[in-house]
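Single-letter residue listing:
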Amino acid sequence: MGEYLVLKDVSKSFGKVHAVRDLSLEVQKGEFVSLLGPSGCGKTTVLRLIAGLEKPDKGIIKIGEKILSGHGYWVPPEKRRIGLVFQDYALFPHMTVFENVAFGLAGLSKKERQERVIELLSLVGLEHVAKRYPSELSGGQKQRVALARALAPSPEVMLLDEPFSNLDADLRKDLREETKAILKRSGTTTILVTHDQEEALSLSDRVGVLCCGKLEQMGTPEEIYHRPMTRFVAKFVGRGSIIAGKVEKGRLVLPFGDVDLNGRAPPIGERLEVLIRPEYVSLLPDPQGEGVIVSAEFMGSEVFYEVELPDGTILQSAMLSTVVFSVGTRVRLRVDKKQVVILP
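Within each chain, residue numbers correspond to sequence positions counted from 1 in written order. Per-residue local features of the predicted model are confined to residues with pLDDT of at least 70, and side-chain atom pairs are confined, for both listing and counting, to 80 or more; whole-chain, interface and lining totals are unaffected and use all residues. With hydrogens and water excluded, all non-hydrogen atoms of the structure serve as input to the side-chain values.

Engineer: What is the right way to read the overall build of the chain from this model?
Structural biologist: The helix and strand labels rest on DSSP assignments: H or I over at least four residues marks a helix, E over at least two residues marks a strand, and numbering proceeds from the N terminus. Summing up its helical and strand segments, the chain has 8 helices and 21 strands in all. Its C-alpha atoms put the chain at 80 × 50 × 40 Å along the principal axes. Buried residues in the chain amount to 46% of all 344 residues. The contact definition used throughout considers only heavy atoms, calling two residues in contact when any of these lie within 4.5 Å. Across the chain, every contact between residues at least 6 apart in sequence was considered, and the portion connecting residues at least 24 apart equals 64%. Here the open area of atoms and residues is found with the Shrake-Rupley method and a 1.4 Å probe, where only the protein chains shown may cover a residue. If you sum the accessible surface of the chain, you get close to 17100 Å²; carbon and sulfur atoms cover 51% of it. For the exposure calls, accessible area comes from a 1.4 Å probe over protein chains only, and a residue counts as buried if that area is under 20% of its type's maximum, exposed if over 50%, partly exposed in between.

Engineer: Hey, could you run me through the packing of aromatic side chains in this one?
Structural biologist: Between two aromatic rings, the relevant description is the distance of the centres plus the angle of the planes. Each Phe, Tyr or Trp ring, with Trp reduced to its six-membered ring, pairs with another whose centre is within 6.5 Å; inter-plane angles below 30 degrees give stacked pairs, above 60 give edge-to-face pairs, and intermediate values give tilted ones. For the structure on display, the rule yields 3 aromatic pairs. Ring geometry for Phe232 versus Phe236: centroids 5.4 Å apart, planes at 10 degrees, classification stacked. Here Phe236 and Phe232 lie together in helix H8 (residues 231–236), a separation of 4 residues that amounts to about one turn. Overall, the relative accessible area of 23% leaves Phe232 in the partly exposed class. Stacked on the ring of Phe92, the Lys or Arg Arg149 has its end atom at 5.3 Å from the ring centre. A ring is considered to have a charge above it if a Lys NZ or an Arg CZ atom is located within 6 Å of its centre and within 35 degrees of its normal. In this arrangement the basic side chain of Arg239 is found over the ring face of Phe304, its NZ or CZ atom lying 3.9 Å from the centre.

Engineer: I'm lost on helix H3 (residues 110–123) in this one. Help?
Structural biologist: Residues that lie three or four places apart on an α-helix share one face, since the helix turns once every 3.6 residues. Over its 14 residues, H3 extends 20 Å from the first C-alpha to the last, a length consistent with the 20 Å expected when each residue adds 1.5 Å. Along H3, the residues classified as buried are Arg116, Val117, Leu120 and Leu121. Around the axis of H3, the buried residues are gathered within 130 degrees of arc, so they sit on the same side. In this structure, the buried side of H3 is in contact with helix H2 (97–102) and helix H4 (139–151). Helix span is expected to be 1.5 Å times the residue number reduced by one. The directions from the helix axis to the C-beta atoms form the arc being described.

Engineer: Looking at this model, I keep getting lost on the sheet that holds strand S8 (residues 157–161). Mind explaining?
Structural biologist: The strands that make up a sheet pair up through hydrogen bonds in the backbone, lying either parallel or antiparallel. Spatially, S7-S8-S9-S3-S10-S11 is the arrangement adopted by the 6 strands of the open sheet, whose pairing is mixed. Two strands in the sheet have a free side with no partner beyond their single neighbour: strand S7 (82–86) and strand S11 (214–219). Ignoring which end each strand starts from, the neighbouring axes of this sheet average 20 degrees apart. In this structure, S7 lies alongside S8, joined through 5 bridges in parallel fashion. Residue pairing in the sheet places Phe86 in a bridge with Asp161 of S8. Taken strand by strand, H4 contacts S7 and S8, and its axis lies near 170 degrees from that of S7. Between any two strands, pairing holds if DSSP finds at least two bridges. Note on geometry: axes are lines fitted to C-alpha atoms, helical ones only across the stretch in contact, with angles between N-to-C directions running from 0 to 180 degrees.

Engineer: Would you mind going over the environment of Gln87 with me for this structure?
Structural biologist: Its place among the elements puts Gln87 in the loop between S7 and H2. Taking relative accessible area as the criterion, Gln87 reaches 33% and is therefore assigned partly exposed. Residues Gln87 and Ser301, 214 residues apart in the sequence, show an inter-C-alpha distance of 31 Å. Excluding residues within four positions of it along the chain, Gln87 makes contact with Gln143, Asp161, Glu162, Pro163, Ser165 and Asn166.

Engineer: Just checking my understanding: could you explain the side chain of Thr313 for this structure?
Structural biologist: Along the chain, Thr313 turns up in the loop between strand S18 (302–308) and strand S19 (314–320). Overall, the relative accessible area of 14% leaves Thr313 in the buried class. Excluding residues within four positions of it along the chain, Thr313 makes contact with Ile243, Pro255, Val307 and Glu308.

Engineer: Can you walk me through the sheet that holds strand S2 (residues 17–28) in this structure?
Structural biologist: If you trace the 5 strands from one edge of the open sheet to the other, you get S2-S1-S4-S5-S6, paired in antiparallel fashion. Two strands close off the open sheet at either side, each with one partner strand: S2 and strand S6 (73–74). Here 5 bridges tie strand S1 (residues 3–14) to strand S4 (residues 58–63), and the two strands are oriented antiparallel to one another. Considered in S4, the bridge of Leu7 is made with Ile61. On top of the sheet, helix H1 (residues 43–51) reaches S1, S2, S4 and strand S5 (66–70); it is set at about 115 degrees to S1, its chief contact.

Engineer: Is there a simple way to think about the layout of surface pockets in this case?
Structural biologist: Rolling a probe over the atoms, with the probe sized like a water molecule, indicates the empty space that remains. With a 1 Å grid spanning the protein atoms alone, the term cavity applies to any set of points in which a 1.4 Å probe fits but cannot get out, the term pocket to an open set with protein on both sides within 12 Å along at least five of seven lines, and the term lining residue to any residue with an atom within 4 Å of a point. Grid points are joined across faces, edges and corners, and a volume is the space filled by probe spheres set on the points. Of the volumes computed, that of the largest pocket is approximately 540 Å³. Listing elements by their share of the lining of the largest pocket, those giving two or more residues are S7 and H4. A total of 4 residues in the lining of the largest pocket trace back to one element, the largest contributor, which is S7. Each residue is assigned to one class: nonpolar for Ala, Val, Leu, Ile, Met, Phe, Trp, Tyr, Cys and Pro, charged for Asp, Glu, Lys and Arg, and polar for all the others, Gly among them. Here the lining of the largest pocket is built from residues that sort into 13 nonpolar, 2 polar and 4 charged.

Engineer: Even after reading the chapter, I still don't get the pattern of salt bridges, so can you show me in this structure?
Structural biologist: Any two side chains of opposite charge can pair if their charged atoms end up close together. Put simply, a salt bridge is a Lys or Arg side-chain nitrogen that is within 4 Å of an Asp or Glu carboxyl oxygen. Inspection of every chain in the model, using the stated rule, returns 16 salt bridges. For Glu177, the salt bridge identified is with Lys173, shortest N-O distance 3.2 Å. Of the two residues, Glu177 and Lys173 are both situated in helix H5 (residues 169–186); the distance of 4 residues between them amounts to about one turn of the helix.

Written out as structure tokens, the structure is:
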């Protein structure tokens, strides 16, 4: 399919703060990509650079063969054909739903504008509220109106800035699934900015994890979760235990046993860190076991345990809640060593 939206070596600073550092990113046409990271990591700045609301200090941004910024070019925001949806909806309170969606369609005839608005309201399931004002809508309805308004001019790229963060948990889950379905049906290339891991992993074709303005890793949700390429990604995405081990004769010796180095040949004596996800650590009550449960967090279908080993190492375990072990229980550990990730 080939890349469609391209950022190459893009940087942006605000005074002494380096918000984005030499960021390169390629997004395919019709792809849904999330930029995930903690507050202040630069993800919203990336969105604003793509939209043209900020000018990069250096680097190139282009859609297809059209350069938006770089090489002396600068395309203003209103000419970029990019849709924006914010967390606060940004609807015009004095306009009806119909008028809000029609706002960006000034170049069309009255008939064409009416047909396009009806088409969009049907797409987001809001034909019945066309004559209402934003103050008469629920949070979920407002968000769908904002999406319809952004889609109305047929943007080449849709940018979503934490669009579900103001909604309650149940509505947020339903609306984000609806939003993805709507954007996929319309074939719109989409970038979502979020700090919500579940949101990024469940919605996206690919996820980019940012830290301090740098892209730490780009990959499918499965790659980001199961094969993190940096310590930051391993710690930030999902739960897991990061544990140090020592290289000895082609094996890595860890507190819970040895693991294979998978073809790597580091010097004997070198210390390496590994990530082990809690679902790959199971517990069996055993008075002679090597571990002691020091905390238990009941999560409904699962219980998350922390288990202390004799050397003080803490391992996390996720177990079905059909049987719950109490704090202080001595346990034997079974670790799926094939799932241990050796970090770079």
